[in-house]
Structures are given as C-alpha cells and as structure tokens.
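Chain by chain, the residues run as shown.
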Amino acid sequence: MNVSEAIRSRRSIGKVTQEEVPAASIEQILEAGTWAPNHRMTEPWRFFVLRGEGRDLLGNALAEVAVEQAGGPGSPEAEAAVESARQKPMRAPVVIAVAVTPKDHPKVIELEEYGAVFAAIQNMLLEAHALGLGAIWRTGEPTYHAKMNEHFGLGPNDKVLGFIYLGVPAEGQAPQGKRTPYQDLTVWVDRADALKK
C-alpha cells in the first residue's frame, strides 16, 4: 500500500476482535510513531502499551475520573459510571496510550511538542492500517485529567494525548470516508498583498 492510498483509505475502526496482536506488529507501529517530524529532535512522545490485565491501568484511571465527575463516591451514578469506565479499555486487545513530555529548554516551543506527538499518532494509525489492523484514536475530557498523569507516572508538565485502540477488525466494511474538498479550504497566494481587502 503506498502512502497516498493509505492516507485516503484509513478509517477509524472501533470494532475489533479480541484476537491477539503480534508484538512485532505493535513494535512496527511504535517505531512508525518515532519517525514523526519534531523540532530540535526533542522526541517528546511516550508510549504505554496496555495488553491483558495491563488495560486495567487505563480502566482504573477512567473509573477515578468518572467518580469525580459523578459527584464523588457513594452515589448510584458514580457506581454505574465506574463499571462503564472500567470496561472501556477492554474493547480492544491492545491500547497504546500516547503522551507528550515537553522538553524544558528556552528554544523549545511547547505547542510544537504537542504537534510532534499528534504527528506521531497519525504515523501510528497509518502503519496500523498498512498492517491490516483496525485502530481508533480515542480522546475526550478524561484523557486530559490530572488523574491520568498520576496513573501513568507522568510529570506535571506532561499530558496524555490519547489512546490508540488496536486489534483485528471485526467483520464488516470500513465506513466510507468523506472530506470537504481541499479547494473549499485553500487560498493560493501568489503576491504578498493578495489577502488584503
């Protein structure tokens, strides 16, 4: 599969089987992430591969966030939220948590560190697709909660940026992709004053 085809045919696949994903495939996906562009070669990404009972690490973090959001322990809402949260990581046999650890250097722009990790995630999704695996990048408010840093042993300036749920696609066709044509979102500038009103 060439790069052009991979970019256009990759889809988020949320339904996967519990079939084991070979470690070699996971390693290939991780390495693809490390080839993302990053200013000053800071390599600000960190990966956590959660398999088997290791997925409970994420389930426990999600459960603690759910309790807090439900108003604290003891309420019926919190109890239901905890059980739901604990089950989320079990939707795939492998979950790769991806975090940014921005470098503390006067010439490093923190936002660029985030951009590098987002680029790493895209590389990983494309590699998974090229390997015939299903993957989806899951985020949401709990992802950025301070409890995630606690559970993943990250520092106060670090941040979990998402979870790649990975597995063999369940039967069924991948959804059709649809994008706004680039022509509707692009301005061609051939002179410096072209955008002046």
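Our structure's up above, just so we're on the same page.
Residues numbered from 1 in each chain as written. Predicted model: local features only at pLDDT ≥ 70, side-chain atom pairs only at ≥ 80, totals over all residues. Heavy atoms only, no water.

Participant: Which residues make up the pattern of salt bridges, and what values go with them?
Facilitator: Applying the stated criterion across every chain, the model contains 2 salt bridges. The salt bridge partner of lysine 147 is glutamate 64, with a shortest N-O separation of 3.6 Å. With lysine 147 in helix 6 (residues 146-152) and glutamate 64 in helix 3 (residues 56-69), this residue pair connects regions lying 83 residues apart in the sequence. Across the salt bridge formed by aspartate 193 and arginine 191, the nearest N and O atoms sit 3.0 Å from each other. (Salt bridge = Lys/Arg side-chain N within 4 Å of Asp/Glu carboxyl O. Helix = DSSP H or I, 4+ residues; strand = E, 2+ residues; numbered from the N terminus.)

Participant: Please set out the packing of helix 2 (residues 23-34) against helix 5 (residues 110-130) residue by residue, giving values where relevant.
Facilitator: For the pair helix 2 and helix 5, the least separation of the axes is 7 Å and the interaxial angle reads 145°. The chirality of how helix 2 crosses helix 5 is right-handed. Residue-level contacts link Gln28, Ile29, Leu30, Ala32 and Gly33 of helix 2 to Ala120, Asn123, Met124, Glu127 and Ala128 of helix 5. (Axes fitted to C-alpha atoms, helices over the stretch in contact; angles between N-to-C directions. Left-handed = near helix turned anticlockwise from the far one by under 90°. Contact = heavy atoms within 4.5 Å.)

Participant: So, helix 4 (residues 76-87): which residues are in play, and what are the values?
Facilitator: Here helix 4 is 12 residues long and its end C-alpha atoms lie 17 Å apart, about the 16 Å a rise of 1.5 Å per residue gives. Where helix 4 is concerned, the buried positions are Ala78, Val82 and Ala85. The arc that holds every buried residue of helix 4, seen down its axis, measures 75°, which confines them to one face. Turned more than 90 degrees away from the buried face of helix 4 sit Pro76, Glu77, Glu79 and Ala80, all of them exposed. (Expected span 1.5 Å × (residues − 1). Buried < 20%, exposed > 50% of the residue type's maximum accessible area, 1.4 Å probe, protein only. Arc of directions from axis to C-beta.)

Participant: Quick rundown of the packing of aromatic side chains? Include the residues and the values.
Facilitator: Summed over the entire model, instances satisfying the criterion amount to 3 aromatic pairs. Both rings, one in phenylalanine 118 and one in tryptophan 137, keep their centres 5.8 Å apart while their planes meet at 45°; by these two values the pair is tilted. Taken as a pair, phenylalanine 118 in helix 5 and tryptophan 137 in strand 3 (residues 134-138) lie far apart in primary sequence, 19 residues in all. Phenylalanine 118 gets classed as partly exposed once you look at its relative accessible area, which sits at 35%. The partly exposed category is assigned to tryptophan 137, whose relative accessible area is 33%. Ring centres of phenylalanine 152 and phenylalanine 163 lie 6.4 Å apart, and the angle between their planes is 40°; on these two criteria the pair is classed as tilted. (Phe/Tyr/Trp six-rings, centres within 6.5 Å; stacked < 30°, edge-to-face > 60°.)

Participant: How would you sum up the pairing of strand 4 (residues 159-167)? Please name residues and give values.
Facilitator: Where a strand is regular, its side chains alternate between the two sheet faces. Along strand 4, 8 of the 9 residues are buried, which leaves the element largely enclosed by surrounding structure. Of the pairings in the sheet, the one linking strand 2 (residues 94-100) to strand 4 comprises 7 bridges and is antiparallel in character. Of the residues in strand 4, the one forming a bridge with alanine 99 is valine 160. Across 5 bridges, the pairing between strand 3 and strand 4 is antiparallel. Note on strand 4: the bridge partner recorded for tryptophan 137 is isoleucine 164. (Pairing = 2+ DSSP bridges.)

Participant: Can you explain the sheet that holds strand 2? Please cite residues and give values.
Facilitator: If you trace the 4 strands from one edge of the open sheet to the other, you get 1-2-4-3, paired in antiparallel fashion. Strand pairing shows two members of the sheet lacking a second neighbour, strand 1 (45-51) and strand 3, which therefore form its edges. Sheet twist, expressed as the average angle between the axes of neighbouring strands with direction ignored, equals 20°. Where helix 2 meets the sheet, it contacts strand 1, strand 2 and strand 4, and its direction lies at approximately 165° from that of strand 1.

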